[in-house]
Amino acid sequence: MNLHEYQAKELLKRYKVPTQEGIAVSNVDEAVSAYNKISAETGSRFVVVKAQIHAGGRGKGRMVEVPDQSGVKVVKSADDIATVANNILGNTLVTIQTGPAGKVVSKLLVAQDMYYDGPSDRKEFYMSILLDRATKQNVIIYSTEGGMDIEDVAHNTPEKINKEWVHPGMPLQAFQARKIAFGLGLSGTAFKNMVKFVTNLYDAYVGLDCSMVEINPLFKSSDDKIIAVDCKMNLDENSLMRHPDLAEMRDKSEEDPTEVEAGEFNLNYVKLDGNVGCMVNGAGLAMATMDMIKLAGGEPANFLDVGGTANAQTVEAGFRIIMKDPNVKAILVNIFGGIVRCDRVAAGVIEAYNKMGNINIPIIVRLQGTNAEAAKELIVNSGLKVQSAILLSEAAELVQKAIN
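Since we're looking at a predicted model, the values are computed, not measured.

Student: Teacher, can you tell me more about the side chain of Asn 334 here?
Tutor: Position of Asn 334 relative to the elements: it lies in strand β17 (residues 330-337). Residue classification places Asn 334 among the buried positions, given a relative accessible area of 0%. Looking at Asn 334, its side chain comes within polar contact range of the side chain of Arg 366, at 3.0 Å.

Student: Sorry, what's going on with the pattern of salt bridges here?
Tutor: For side chains bearing opposite charge, pairing can occur when the charged atoms are close. Scanning the entire structure with this criterion turns up 20 salt bridges. The closest approach of N and O atoms between Asp 230 and Lys 232, which form a salt bridge, is 3.7 Å. Given the relative accessible area of 9%, Asp 230 is considered buried. Through salt bridges with shared partners, a single ionic network connects Glu 5, Lys 9, Lys 50, Arg 58, Glu 214, Asp 230 and Lys 232.

Student: Looking at this model, I keep getting lost on the packing of aromatic side chains. Mind explaining?
Tutor: In this description, an aromatic ring pair is defined by two values, namely the gap between the centres and the angle between the planes. Summed over all chains, the structure comprises 2 aromatic pairs. Here Phe 182 and Phe 191 contribute two aromatic rings whose centre-to-centre distance is 4.6 Å and whose plane-to-plane angle is 50°, an arrangement assigned as tilted. Their ring planes at 35° and their centres at 6.1 Å tell us that Tyr 202 and Tyr 205 sit as a pair that is tilted. One end of the pair is Tyr 202 and the other is Tyr 205, both in helix α6 (residues 188-207) and 3 residues apart, which spans about a single turn. The exposure class assigned to Tyr 202 is buried, which follows from its relative accessible area of 1%. For Tyr 205, a relative accessible area of 5% puts it in the buried group.

Student: Help me out: how do you make sense of the side chain of Asn 216 in this one?
Tutor: Mapping Asn 216 onto the fold places it in strand β11 (residues 210-220). Given a relative accessible area of 13%, Asn 216 falls into the buried group. Once residues lying within four places of it in the same chain are set aside, the contact partners of Asn 216 are Phe 125, Tyr 126, Gly 146, Gly 147, Ile 150 and Asp 230.

Student: When you look at the sheet that holds strand β6 (residues 103-104) in this model, what are you seeing that I'm missing?
Tutor: Taken in spatial order, the 3 strands make up an open sheet running β3-β5-β6, and their pairing is antiparallel. Of all strands in the sheet, those with a lone pairing partner are β3 (62-63) and β6, marking the two edges.

Student: What should I look at first to understand the packing of helix α5 (residues 174-183) against α6 in this one?
Tutor: Running from amino to carboxyl end, α5 crosses α6 at an angle of 125°, the nearest separation of the two axes being 9 Å. Taken together, the axis directions place α5 and α6 in an arrangement best described as oblique. Two packed elements cross with a definite hand, and for α5 against α6 that hand is right-handed. Contact residues: α5 offers Ala 177, Arg 178, Ile 180, Ala 181 and Phe 182, while α6 offers Phe 191, Met 194, Val 195, Val 198 and Thr 199. Looking at the contact of α5 with α6, its residues break down into 8 nonpolar, 1 polar and 1 charged.

Student: Quick question: what am I supposed to make of the environment of Asn 281 here?
Tutor: If you trace the backbone, Asn 281 turns up in the loop between β15 (276-280) and α9 (283-295). For Asn 281 and Ala 395, which are 114 residues apart along the polypeptide, the C-alpha to C-alpha distance reads 16 Å. Setting aside anything within four residues of it in sequence, one finds Asn 281 in contact with Asp 305, Val 306, Gly 307, Asn 334, Ile 335, Phe 336 and Val 340.

Student: Looking at this structure, I do not really get the nonpolar core. What am I missing?
Tutor: Nonpolar side chains in soluble globular proteins tend to end up buried together. Core analysis: the biggest nonpolar cluster contains 41 residues, and Met 127, Ile 140, Met 194, Phe 197, Ile 215, Met 233 and Leu 235 have the highest contact counts within it. When near neighbours in sequence (up to four residues on either side) are disregarded, Leu 235 contacts Met 1, Leu 3, Leu 208, Asp 209, Cys 210, Ser 211, Leu 240 and Leu 246. Residues Leu 267, Met 279, Val 306 and Ile 361 belong to the second largest nonpolar core, which totals 34 residues.

Student: Before we go on, may I ask you to explain α5 in this structure?
Tutor: In an α-helix, one turn spans 3.6 residues; hence positions three or four apart end up facing the same way. Within α5 the residues assigned to the buried category are Gln 176, Ala 177, Ile 180 and Ala 181. All buried residues of α5 project into a common sector of 140° when viewed along the axis, lining one side. Against β8 (123-132), β9 (137-143), β10 (161-166) and α6 lie the buried residues of α5. Looking at the residues trailing α5, positive phi occurs at Gly 185, about 75°.

Student: Is there a simple way to explain the layout of surface pockets in this structure?
Tutor: Gaps left between atoms are located by rolling a probe of water-molecule size over the structure's atoms. Computed from the structure, the largest pocket encloses a volume of approximately 920 Å³. Along the walls of the largest pocket sit 37 residues, with Gly 59, Gly 147, Met 148, Asn 216 and Asp 230 positioned nearest its centre. If you list the elements that add at least two residues to the lining of the largest pocket, you get β2 (47-51), β4 (72-75), β8, α4 (150-156) and β11. The element contributing the most residues to the lining of the largest pocket is α4, with 4 residues. Its residues assigned to classes, the lining of the largest pocket comprises 15 nonpolar, 10 polar and 12 charged. Taken as a whole, the second largest pocket holds about 600 Å³ of empty space. As for the second largest pocket, its lining consists of 20 residues, and the residues nearest its centre are Glu 237, Arg 250, Glu 259, Asn 268 and Tyr 269. The set of elements that each furnish at least two residues to the lining of the second largest pocket consists of α8 (257-264) and β14 (268-271). Among the elements that line the lining of the second largest pocket, the one with the most residues is α8, at 5 residues. Taken together, the residues of the lining of the second largest pocket sort by class into 7 nonpolar, 5 polar and 8 charged.

Student: Just checking my understanding: could you explain helix α12 (residues 372-380) for this structure?
Tutor: All of the buried residues along α12 are Ala 372, Ala 375 and Ile 379. The arc that holds every buried residue of α12, seen down its axis, measures 60°, which confines them to one face. Structural note: α12 exposes Glu 373, Glu 377 and Val 380 on the side pointing more than 90 degrees away from its buried face. Contacts from the buried residues of α12 go to α11 (342-356), β18 (363-369) and β19 (386-389).

Cut-offs used in this document
- Residues numbered from 1 in each chain as written.
- Predicted model: local features only at pLDDT ≥ 70, side-chain atom pairs only at ≥ 80, totals over all residues.
- Heavy atoms only, no water.
- Helix = DSSP H or I, 4+ residues; strand = E, 2+ residues; numbered from the N terminus.
- Buried < 20%, exposed > 50% of the residue type's maximum accessible area, 1.4 Å probe, protein only.
- Polar contact = N/O pair within 3.5 Å; in protein donor to acceptor, adjacent residues only side chain to side chain.
- Salt bridge = Lys/Arg side-chain N within 4 Å of Asp/Glu carboxyl O.
- Phe/Tyr/Trp six-rings, centres within 6.5 Å; stacked < 30°, edge-to-face > 60°.
- Contact = heavy atoms within 4.5 Å.
- Pairing = 2+ DSSP bridges.
- Axes fitted to C-alpha atoms, helices over the stretch in contact; angles between N-to-C directions.
- Parallel < 35°, antiparallel > 145°, perpendicular 65-115°, else oblique.
- Left-handed = near helix turned anticlockwise from the far one by under 90°.
- Nonpolar A, V, L, I, M, F, W, Y, C, P; charged D, E, K, R; others polar.
- Core = buried A, V, L, I, M, F, W, Y, C linked by side-chain atoms within 4.5 Å.
- Arc of directions from axis to C-beta.
- 1 Å grid on protein atoms, 1.4 Å probe; cavity = no way out; pocket = protein on both sides within 12 Å on 5 of 7 lines; lining within 4 Å.
- Points joined across faces, edges and corners; volume = space filled by probe spheres on them.

In structure tokens, the structure reads:
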């Protein structure tokens, strides 16, 4: 589950991770009030306005309606922030990560300016924590070259990207925190503050059940404070039952509406760009099914796992979700009857088909396992325009005919 920057920073504070102070707002009046409050507290007329969307590259992005306006802007007056807030709120921001469709901005973060003291001895670093699946360990990735061009740094000068691995069952060791601070070229007070920062950040990563946390830039001020100026945080959705308060932070408006609808029926759905919809029980079988669709000359239009308890309701919901994609030319239902009997799934397909009425695209149903023959007989005798297959090769041939 993705979080907005302002949400991630509030969570980091629970673990005593220093962050850039800011106020989340949703309209122009709130933005002006936030500006006045922060300006009065800091004694600086400079304040940063940041669009809150689930995507990076906001500083280099552009508003569709106001092309000369990016998603991050330094303002220096109440009038200035009113103009910027009006340009961003309710409008679409396009960045390298959103794709050409962009994302509508419904919230802003009005934050203190961290660059108040000029370019004296300040520095920008990069730091992130995630799971390295190759080593089965958490890894802290850090670099002296933080900022908006970190992707270019990783591509052009990979030697400037450093890594420190931590066993998931162990806390970050003190020597590892010191190693990271040394690796960032710090000494004195800044060194001590970085050791505390990375230790607390790792505690937050584990304690919040994050799948990824990224701080860019990680800022060292001229007075040697270490501060998270930006934060991207993803939570492991499988752990949310332990964190009901975190589950409430989910912003469904930032997610694909079809995927949200699928989640309401406990369907695992991911939209793709192909022309063959697929409905499968089990993630491994779903991956194999998508491979089969490719071999048949098609392109999978989605990943849809109905799980091991497929019934008429879930099958109907799956059909409706798949058919919302105008690119779908055929639907392949591939079910292995292990936990669920094939004849029960076949009955669900028939019931769903009858409820939905006329479906004007070919449907191929491949059922294998418990009661597979009985399931095929049910479909053949239903009188519906549903093609049945037992073997994977049969299903592949039917898919190929349907899309050609």
